[in-house]
Amino acid sequence: MDILWALLTLPYAPVRGLTAMVKVVAREAESQQYDPVTIRRELEELDRAAAAGDITPEERDRGQQRVLDRLTPQAARNGPTASRADGGGRPPPARRRPTRRRGDQQRGARERT
């Protein structure tokens, strides 16, 4: 059975390989994006460029804010809702009404009459 399955899904092998490769690249990019060494290097480059006069202090401040926003991705993604009292950025789960089964509806109609 495994041989048959392998033969049937063989045309999809390049897609599975590409998907695995994209996952590896995305994981590596994310790890570099949040790496403290990379963040420190970017902040130092911004300070160096501002000291050399390549960028204005306002540009440096905006660049620093962008780098620091990466350190707190939850607050950057959710905006003002991230400062809720419960500390979460997600809204509370919706309450579901109990569903009635067919037998309950018929029983309720009989009891009312």
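Rules and cut-offs
- Residues numbered from 1 in each chain as written.
- Predicted model: local features only at pLDDT ≥ 70, side-chain atom pairs only at ≥ 80, totals over all residues.
- Heavy atoms only, no water.
- Helix = DSSP H or I, 4+ residues; strand = E, 2+ residues; numbered from the N terminus.
- Buried < 20%, exposed > 50% of the residue type's maximum accessible area, 1.4 Å probe, protein only.
- Contact = heavy atoms within 4.5 Å.
- Areas by Shrake-Rupley, 256 points an atom, 1.4 Å probe, with all protein chains shown as cover.
- Salt bridge = Lys/Arg side-chain N within 4 Å of Asp/Glu carboxyl O.

## Structural notes on the overall build of the chain
- Per the secondary structure count, the chain includes 6 helices and 0 strands.
- Element order for the chain, N to C, with α for helix and β for strand: α-α-α-α-α-α.
- Counting the 113 residues in the chain, one finds 9% classified as buried.
- Across the chain, the fraction of contacts at a sequence separation of at least 24, relative to all contacts at a separation of at least 6, is 26%.
- Surface exposure of the chain reaches about 10,300 Å², of which carbon and sulfur atoms provide 56%.

## Things to note about the pattern of salt bridges
- Under the defined criterion, the tally for this structure stands at 4 salt bridges.
- In this structure, Glu44 engages Arg40 in a salt bridge whose closest nitrogen and oxygen atoms are separated by 3.7 Å. One end of the pair, Glu44, and the other, Arg40, are both in helix 3 (residues 36–52), 4 residues apart, so they sit about a helical turn from each other.
- The partly exposed category is assigned to Glu44, whose relative accessible area is 38%.
- Arg60 is the partner of Asp61 in a salt bridge, and the nearest nitrogen-oxygen pair spans 3.5 Å.
- Accessibility expressed as a relative area gives 40% for Asp61, which makes it partly exposed.

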